[in-house]
Amino acid sequence: MNLIKANPDAVRKYHDAAQARMEKLRGRNLSLDMTRGKPSPEQLDLSEAMLTIVQPGDTTGEDGTDLRNYGGLAGIPEARRLFAEYLGTTPERVIVGGNSSLSMMWDVLANAMMFGMPGGDGPWRDQNPKIICPVPGYDRHFAICERLGIEMITVELTPSGPDMDAVQALVKDDPSVKAIWCVPKYSNPSGDSYAKETVEALASMPTAAKDFRLLWDNAYAVHHLGNGPVALSDIIKACETAGNPDRAIIFGSTSKITLAGAGVAMLASSPANIKDHLEKINFAMIGPDKINQLRHVRFFKNMDGILAHMKKHAEIVAPKFAAVDEALERNLGGTGLATWTRPDGGYFVSLDVLDGCAAAVIKRCAEAGVKMTPAGSTYPYGKDPYDRNIRIAPTLPSVDEIKIAMTVLTAAIEEVCSKKLLQA
Ligand code: PLP
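Read on for a plain summary of the structure. (Residues numbered from 1 in each chain as written. Predicted model: local features only at pLDDT ≥ 70, side-chain atom pairs only at ≥ 80, totals over all residues. Heavy atoms only, no water.)

Thoughts on the sheet that holds strand S2 (residues 94-96)
Turning to step 1, where the next piece is worked out: Taken in spatial order, the eight strands of this open sheet run S2-S9-S8-S7-S6-S3-S4-S5, and their pairing is mixed. Edge positions in the sheet fall to S2 and strand S5 (161-162), since each of these pairs with one other strand and no more.
Turning to step 2, where the next piece is worked out: Pairing between strand S8 (residues 248-253) and strand S9 (residues 265-268): four bridges, direction antiparallel. Each bridged residue has a counterpart across the sheet, and for Ile250 the counterpart in S9 is Ala268.
Turning to step 3, where the next piece is worked out: Lying on the sheet, helix H3 (residues 77-87) is in contact with S2, S8 and S9; it crosses S2 at an angle near 120°. (Pairing = 2+ DSSP bridges. Helix = DSSP H or I, 4+ residues; strand = E, 2+ residues; numbered from the N terminus. Contact = heavy atoms within 4.5 Å. Axes fitted to C-alpha atoms, helices over the stretch in contact; angles between N-to-C directions.)

And the structure:
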């Protein structure tokens, strides 16, 4: 039944039934966590062999380097080669670092604030910098900006990427608009991937800032759920072709491929940006964990190895996404109370409920023992102006746990949103 069009009596009946269901669920003393997009233990088990793949006496790199020692700031050659293929570029354009791409993003922006970027006019902190944030988006991107005092300007994320009319209008005349966050494939949280036209427009659009950057966080490059991965245009090549060779900085990691706490992270960009970044991080470290890089190279061997491994991930993860979609469809389909994404990959489902209801839905879930990502966290400063977006993270819980959590979530939506309709 479409609740939006239904008469008040029918809505009240619907609400009362949902409320009664919620009260029953509260009595079950559940304790479920649907908050963060972490791999499940079964996914981590897939990489267990990596822990013993490098043995004592077998720690020399392909160029004869003793990988137990200091050095190799840009990463070991065999890892730069493997991850160049992974990121779709050439090894000399890749830095393979420590275990977190997020810390590489922090380094890039913190250094830009203090020292500026190649081609620019010095430290960003002296230029009132602003970064465009497609929303809904990734809370930790927003947290970096907030912490560094970079103003955030939101634009809508559409199924083919950021609203490019809005982006182009923002960057055209204002040199203080310095960058845009992009999660170009299986975006967090919507799962949307950027269309070829969007990639080309981002690469070629005129920008007032001479040092404008695309912060290209390709965290989910191979994280498809079925027949993927979807094709994503080569942003470095597109920028080069458009005459903006230094515009894109790509980030990636194996956090959700191997071990989330012990993966390897990587950054790819133009020769000028790579040189600049190495000079900057040279003050912060002598070299990354090269043994872990060797583990990854030995474990995967090549890109085919990575893709075969990700098929096994998909087998574990896809049924969990299916359980989320099935529950949403069964309980909310046709009601008009919610819309949600059906991603082909990534780690999240983005759910929109009636405006003004998300915080109350999440509160009701918490009262019934189901922890959801806080309302507003997919927006800068934690503030969803519509109070409508909820991020669902299905990877960590089991299918059975997801089914229970979704029973609670959908009942809470039915209760809270139908109440809203009665008050309207
Ligand atoms: N980027 C995106 C879009 C993410 O969703 C996440 C984790 O959820 C990360 C980066 C974190 O990456 P890492 O573990 O490499 O720091």
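Looking at the pattern of salt bridges
Turning to step 1, where the next piece is worked out: Within this structure, the stated rule accounts for 22 salt bridges.
Turning to step 2, where the next piece is worked out: Two residues, Arg21 and Glu414, come together in a salt bridge whose shortest N-O distance is 3.0 Å. Within this pair, whereas Arg21 is found in helix H1 (residues 8-26), its partner Glu414 is found in helix H13 (residues 399-423), the two being separated by 393 residues in sequence.
Turning to step 3, where the next piece is worked out: For Glu367, the salt bridge identified is with Lys363, shortest N-O distance 3.5 Å. Residue Glu367 and its partner Lys363 are located together in helix H12 (residues 358-367), separated by four residues, close to a single helical turn.
Turning to step 4, where the next piece is worked out: Overlapping salt bridges bring together Glu23, Arg26, Lys363, Arg364, Glu367 and Glu415 as one network. (Salt bridge = Lys/Arg side-chain N within 4 Å of Asp/Glu carboxyl O.)

Some words on H1
Turning to step 1, where the next piece is worked out: Its 19 residues place the ends of H1 26 Å apart at the C-alpha level, agreeing with the 27 Å of an ideal helix rising 1.5 Å per residue.
Turning to step 2, where the next piece is worked out: Against helix H11 (303-332), H12 and H13 lie the buried residues of H1. (Expected span 1.5 Å × (residues − 1).)

A look at the packing of aromatic side chains
Turning to step 1, where the next piece is worked out: Summed over the entire model, instances satisfying the criterion amount to four aromatic pairs.
Turning to step 2, where the next piece is worked out: If you follow Lys256 out to its NZ or CZ, it ends over the ring of Tyr347, 5.0 Å from the centre.
Turning to step 3, where the next piece is worked out: Cation over ring: Arg388 sits above Tyr386, and NZ or CZ is 3.9 Å from the ring centre. (Phe/Tyr/Trp six-rings, centres within 6.5 Å; stacked < 30°, edge-to-face > 60°. Lys NZ or Arg CZ within 6 Å of the ring centre and 35° of its normal.)

Comments concerning empty space enclosed by the protein
Turning to step 1, where the next piece is worked out: Applying the stated rule across the entire model yields three cavities of 30 Å³ or more.
Turning to step 2, where the next piece is worked out: For the largest cavity, the calculated volume is near 80 Å³.
Turning to step 3, where the next piece is worked out: Contributing elements (two or more residues each) for the lining of the largest cavity: helix H5 (139-148) and strand S6 (177-182).
Turning to step 4, where the next piece is worked out: The class makeup of the residues in the lining of the largest cavity is nine nonpolar, four polar and no charged. (1 Å grid on protein atoms, 1.4 Å probe; cavity = no way out; pocket = protein on both sides within 12 Å on 5 of 7 lines; lining within 4 Å. Points joined across faces, edges and corners; volume = space filled by probe spheres on them. Nonpolar A, V, L, I, M, F, W, Y, C, P; charged D, E, K, R; others polar.)

Remarks on the packing of H1 against H12
Turning to step 1, where the next piece is worked out: Interhelical geometry of H1 versus H12 gives an angle of 40° and a closest axis separation of 9 Å. Of the possible angle classes, the one that applies to H1 and H12 is oblique. Residues Met22, Glu23 and Arg26 of H1 lie in contact with H12, whose contacting residues are Arg364, Cys365 and Glu367.
Turning to step 2, where the next piece is worked out: The residue inventory of the contact of H1 with H12, partitioned by class, reads two nonpolar, no polar and four charged. (Parallel < 35°, antiparallel > 145°, perpendicular 65-115°, else oblique.)

A word on the side chain of Asp192
Turning to step 1, where the next piece is worked out: With respect to the secondary-structure elements, Asp192 resides in the loop between S6 and helix H7 (196-204).
Turning to step 2, where the next piece is worked out: In this structure Asp192 is buried but unpaired, with Arg342 as the nearest side chain of opposite charge at 11 Å.
Turning to step 3, where the next piece is worked out: Non-local contacts of Asp192, meaning those with residues more than four positions away in its chain, are made with Leu157, Thr158, Pro159, Val183, Pro184, Lys185, Tyr186 and Ser187. (Buried < 20%, exposed > 50% of the residue type's maximum accessible area, 1.4 Å probe, protein only. Lys, Arg positive; Asp, Glu negative; His and termini not counted.)

Side note on the layout of surface pockets
Turning to step 1, where the next piece is worked out: For the largest pocket, the calculated volume is near 560 Å³.
Turning to step 2, where the next piece is worked out: Looking at the largest pocket, it is lined by 22 residues, and the ones nearest its centre are Gly37, Tyr138, Arg140, Ser255 and Lys256.
Turning to step 3, where the next piece is worked out: With three residues, helix H4 (residues 101-115) is the largest single contributor of residues to the lining of the largest pocket.
Turning to step 4, where the next piece is worked out: When the residues that make up the lining of the largest pocket are grouped by side-chain class, the tally is nine nonpolar, eight polar and five charged.

As for the environment of Ser253
Turning to step 1, where the next piece is worked out: Tracing the chain through its elements places Ser253 in strand S8.
Turning to step 2, where the next piece is worked out: In sequence terms Ser253 and Ile392 are 139 residues apart; their C-alpha atoms lie 22 Å from each other.
Turning to step 3, where the next piece is worked out: Within the structure, the side chain of Ser253 is placed 3.1 Å from the side chain of Ser255, a separation counted as a polar contact. (Polar contact = N/O pair within 3.5 Å; in protein donor to acceptor, adjacent residues only side chain to side chain.)

Some details on the nonpolar core
Turning to step 1, where the next piece is worked out: Grouped together as the largest cluster of nonpolar side chains are 53 residues, with contacts concentrated most on Tyr86, Leu202 and Ile235.
Turning to step 2, where the next piece is worked out: Sort the elements by how many residues they give to this core and H3 lands first, with six residues.
Turning to step 3, where the next piece is worked out: In this structure, Ile235 is in contact with Val199, Ala203, Leu214, Trp216, Ala248 and Ile250, ignoring residues within four places of it in sequence.
Turning to step 4, where the next piece is worked out: Grouped together as the second largest cluster of nonpolar side chains are 44 residues, Leu25, Leu337, Trp340 and Leu351 included. (Core = buried A, V, L, I, M, F, W, Y, C linked by side-chain atoms within 4.5 Å.)

Some thoughts on the site of the ligand
Turning to step 1, where the next piece is worked out: Within the structure, the ligand sits among 13 residues, and Ser101, Asp217, Tyr220, Ser255 and Lys256 are positioned closest to it.
Turning to step 2, where the next piece is worked out: One of the side-chain nitrogen or oxygen atoms of Asn188 is found 3.0 Å away from an oxygen atom of the ligand.
Turning to step 3, where the next piece is worked out: Ser253 places a side-chain nitrogen or oxygen 2.7 Å from an oxygen atom of the ligand.
Turning to step 4, where the next piece is worked out: According to the grid-proximity analysis, the pocket containing the ligand is the largest pocket. (Near = heavy atom within 4 Å. Sits in = over half its atoms within 2 Å of the grid points.)

What about H4?
Turning to step 1, where the next piece is worked out: Helix length check: H4, at 15 residues, gives a terminal C-alpha distance of 20 Å against a target of 21 Å (1.5 Å per residue), a fit within 8%.
Turning to step 2, where the next piece is worked out: Among the residues making up H4, those that are buried are Ser101, Met104, Met105, Val108, Leu109, Ala110, Asn111, Ala112 and Met113.
Turning to step 3, where the next piece is worked out: Between a side-chain oxygen at the N-terminus of H4 and the backbone nitrogen of Leu102 the separation is 3.2 Å; the capping residue is Ser100.
Turning to step 4, where the next piece is worked out: Gly116, located one to two residues past H4, shows a positive phi value of around 85°.

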